[in-house]
Amino acid sequence: MAHETILILGGGLMGLTIAHQVARRGLPVTVLSRSRREAAGFVAAGMLAPHAEGLSGELLALGQASLERIPAWVEQVEGDSGLGCGLRPCGIVVPCAGSAEAEAYPTAAHGQLLERAALEHQVPGIGPSWQAGLLFMQDGQIDNRRRLMRALERACTGLGVGFEEGTEVEALQRDGSGALAGVALRRADGSRHGLPCRRAVLACGAWSAELLPELPVFPVKGQMLSLQGPRQALRRVIFGPGTYLVGREDGLLVVGATSEPAAGFADGLTPAGQRQLEGGIAALLPEAAGWPPMERWWGFRPCTPDEGPLLGPGPIPGLLLATGHHRNGVLLAAITGALLAQQLCPDQPSGVEPAMAARFLRAFRWDRFAAA
Ligand code: GLY
């Protein structure tokens, strides 16, 4: 029996990751994408940092489960696309004013405490105000913006995933029982169509609540910039308060990020945001302040009230959710892809233990806030 096409609403990192996993399992899948340039996957710095970000509780467990899966997932993406993703298991340093601050860090138990001399050894040239730090060797980075997103797109097209670029899903259609029956779309040429479908994944990032207002997802704007440093200028990622520095293999230094919930969907860079990043660079790695500037950009993180994602079944039968990943989308893509593939293709192995999948789908239910 031919399978019905699964629609993925959103062509960002989550949408592509899920489409890839579903296509690998042999099911027909089409990605509907309004605007590729809005995708947070092209905005983020690509840190893989459950420990450096100081996550806790179920979100830390989800992040750790994803981190563990990343090498195998990247191998699949690279194998299916023929493109490298720039995964670097480089470790992340969190600099602190002193040892007391380092010891009090939420994930301190997972890291290695560094006194000033050890900190300087890990990050030559680190600013003088940091007297201690934590090194998380298990954390790392991936070149999301230049490599991972493109590799995923190519892996998807190679496996026959359909793409509709410039297509906005304007509404979800339900049948008499309330289950998903289709989507109403507006294509790039302005024409409107209905597309029947019984199974879809909502992966619309910061815009998720525009399609389904029950979802508690809102935008948190982030501004970023990049500088060109010498090749392999930075061995470790530096995750400072309010600013982090992510050095790619070729010396590009990606600098993030402001966190501006009050900005809503306001487009553009602001002098205050750029000053924050420039001040952060000067404090963390003074020599980098003189490196040639490359790009400046911004985007919108999809946030929820507890900053955890919404995963699995949603308010409409047939519609699954993969949104609300806030600061941790790149990290959480691998586990999100596996969990959603398990939901969409339950007869095939997902690589996630059923008990673990059930635990995460419970912890990250879309309606957990109403129940609290
Ligand atoms: N992952 C860090 C950020 O969103 O800025």
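To start, this report covers the structure provided alongside it. Just so you know, these numbers come straight off a predicted model, no measurement behind them.

## Brief notes about the overall build of the chain
Line of reasoning, step 1. Scanning the chain from N- to C-terminus turns up ten helices and 19 strands.
Line of reasoning, step 2. Evaluated residue by residue, the chain yields a buried proportion of 56% over its 372 residues.
Line of reasoning, step 3. Here the contacts in the chain between residues at least 6 apart in sequence split such that 72% fall between residues at least 24 apart.

## As for helix 8 (residues 329-344)
Line of reasoning, step 1. Residue I335 marks the point of greatest curvature in helix 8, where the axis turns by about 30°.
Line of reasoning, step 2. Summarising burial for helix 8: 15 of the 16 residues are buried, a large majority.

## Notes on the packing of aromatic side chains
The relative placement of two aromatic rings is captured by the distance of their centres and the angle of their planes.
Line of reasoning, step 1. Under the defined criterion, the tally for this structure stands at five aromatic pairs.
Line of reasoning, step 2. Aromatic side chains W207 and F300 sit 6.0 Å apart centroid to centroid with 85° between the ring planes, which places their arrangement in the edge-to-face category. Remark: F300 occurs in strand 17 (residues 293-303) and W207 occurs in the loop between strand 12 (200-202) and helix 6 (208-211); sequence separation between them is 93 residues.
Line of reasoning, step 3. Residues F239 and Y244 carry aromatic rings whose centres are separated by 5.8 Å and whose planes lie at 5° to one another, so their mutual orientation is stacked. One exposure class covers both F239 and Y244, and it is buried.
Line of reasoning, step 4. Among the aromatic residues, those joined into a cluster by ring pairs are W207, F265 and F300.
Line of reasoning, step 5. The aromatic ring of W297 is capped on one face by R145, whose charged end is 3.7 Å from the ring centroid.

## Here we look at the layout of surface pockets
Line of reasoning, step 1. The computed volume of the second largest pocket comes to approximately 270 Å³.
Line of reasoning, step 2. Across the lining of the second largest pocket, the residue classes tally to seven nonpolar, one polar and four charged.

## Brief notes about unusual backbone geometry
Line of reasoning, step 1. Phi at Q232 takes a positive value of approximately 50°, unusual for a residue other than glycine.
Line of reasoning, step 2. For Q232, the location among the structural elements is in the loop between strand 13 (218-228) and strand 14 (237-239).
Line of reasoning, step 3. Assessed through its relative accessible area of 47%, Q232 is described here as partly exposed.
Line of reasoning, step 4. With a phi close to 65°, E307 is a non-glycine residue in the positive phi region.
Line of reasoning, step 5. Considering the arrangement of structural elements, one finds E307 in the loop between strand 17 and strand 18 (310-313).
Line of reasoning, step 6. Look at E307 and you get partly exposed, because its relative accessible area is 40%.

## Overview of the site of the ligand
Line of reasoning, step 1. Taken together, M47, E53, Y244, A257, R301 and R327 form the complete shell of residues around the ligand.
Line of reasoning, step 2. Y244 places a polar side-chain atom, nitrogen or oxygen, 2.4 Å from an oxygen atom of the ligand.
Line of reasoning, step 3. In this structure, R327 approaches the ligand through a main-chain N or O atom, which is 2.6 Å from a nitrogen atom.
Line of reasoning, step 4. When the free accessible area of the ligand is taken as 200 Å², the share hidden by the protein chains comes to 87%.

## Some remarks on the packing of helix 1 (residues 13-24) against helix 5 (residues 144-158)
Line of reasoning, step 1. Following both chains from N to C, one finds helix 1 and helix 5 inclined at 35°, their axes separated by 9 Å at the closest point. When you trace helix 1 past helix 5, the crossing you get is left-handed. Here L13, L16, T17, A19 and H20 of helix 1 lie close against helix 5, whose contacting residues are L148, M149, L152, E153, A155 and C156.
Line of reasoning, step 2. Partitioned by chemical class, the residues of the contact of helix 1 with helix 5 number eight nonpolar, two polar and one charged.

## Some words on the sheet that holds strand 17
Line of reasoning, step 1. Taken in spatial order, the eight strands of this open sheet run 5-6-4-14-15-16-13-17, and their pairing is mixed. The sheet terminates laterally at strand 5 (112-115) and strand 17, the two strands that pair on one side only. Averaged over all neighbouring strand pairs, the angle between strand axes comes to 25°, with direction disregarded.
Line of reasoning, step 2. Its contacts with the sheet place helix 7 (residues 271-284) against strand 4 (92-96), strand 13, strand 14, strand 15 (244-247), strand 16 (252-256) and strand 17, and it is angled at close to 50° to strand 13.

## What about the pairing of strand 2 (residues 29-33)?
In summary, the side chains of a regular strand alternate between the two faces of the sheet.
Line of reasoning, step 1. Of all five residues in strand 2, five are buried; the element is thus mostly enclosed.
Line of reasoning, step 2. Side-chain alternation along strand 2 places V29, V31 and S33 on one buried face and T30 and L32 on a second face that is also buried.
Line of reasoning, step 3. Where strand 1 (residues 6-9) and strand 2 come together, four bridges link them in parallel fashion. Following the sheet pairing, I6 is matched in strand 2 by V29.
Line of reasoning, step 4. At this point the chain moves from strand 1, through helix 1, to the parallel strand 2, and the crossover so formed is right-handed.
Line of reasoning, step 5. Looking at chain direction, strand 2 and strand 8 (residues 162-165) are connected through four bridges and run parallel. Its bridge partner being in strand 8, S33 is matched across the sheet by E165.

So, how was this worked out
What you see as residue numbers is a count from 1 along each chain, following the sequence as written. In view of the model being predicted, local features appear only for residues whose pLDDT reaches at least 70, and side-chain atom pairs are presented and counted only at 80 or more, with totals across whole chains, interfaces and linings using the full set of residues. In computing side-chain values, all of the structure's heavy atoms are included and hydrogens and water are not. Working definition: helices are DSSP H or I runs of at least four residues, strands are E runs of at least two. Numbering for both runs from the N terminus. We call a residue buried when its accessible area falls under 20% of the maximum for its residue type, exposed when it is over 50%, and partly exposed in between, using a 1.4 Å probe and counting protein chains only. Should any heavy atoms of two residues lie within 4.5 Å, those residues are considered in contact. Note that the bend at a residue is defined as the angle between axes fitted to the seven residues ending at it and the seven residues starting at it. Only rings of Phe, Tyr and Trp enter the pairing, Trp through its six-membered ring, and a pair is recorded when the two centres are within 6.5 Å. The plane angle decides the type: under 30 degrees is stacked, over 60 is edge-to-face, the rest tilted. Here, over-ring charges are defined by two tests on the NZ atom of lysine or the CZ atom of arginine: distance to the ring centre within 6 Å, and angle to the ring normal within 35 degrees. The method works on a 1 Å grid over the protein atoms by themselves. A cavity is a set of points holding a 1.4 Å probe that cannot get out, a pocket is an open set with protein on both sides within 12 Å along at least five of seven lines, and residues with an atom within 4 Å of a point line them. Grid points are joined across faces, edges and corners, and a volume is the space filled by probe spheres set on the points. All residues other than Ala, Val, Leu, Ile, Met, Phe, Trp, Tyr, Cys, Pro, Asp, Glu, Lys and Arg, Gly among them, are scored as polar; the first ten of these are nonpolar and the last four charged. Here, proximity means that at least one heavy atom of the residue falls within 4 Å of the molecule or strand. What qualifies as a polar contact is a pair of N or O atoms within 3.5 Å, subject to a donor-acceptor requirement within protein and to the restriction that residues adjacent in sequence count only when both atoms come from side chains. Where accessible areas are quoted, they stem from the Shrake-Rupley method and a 1.4 Å probe; at the residue level, only the protein chains shown are allowed to cover. Only C-alpha atoms enter the line fits that serve as axes; for helices the fit covers just the stretch in contact. Angles between N-to-C directions range over 0 to 180 degrees. Working rule for handedness: look at the near helix, and if it is turned counterclockwise from the far one by less than a right angle, call the crossing left-handed; if clockwise, right-handed. Being paired, for any two strands, means DSSP has found at least two bridges between them. Note on handedness: a crossover is taken as right-handed if, strands pointing away from the viewer, the path from the first strand over the helix to the second is clockwise.

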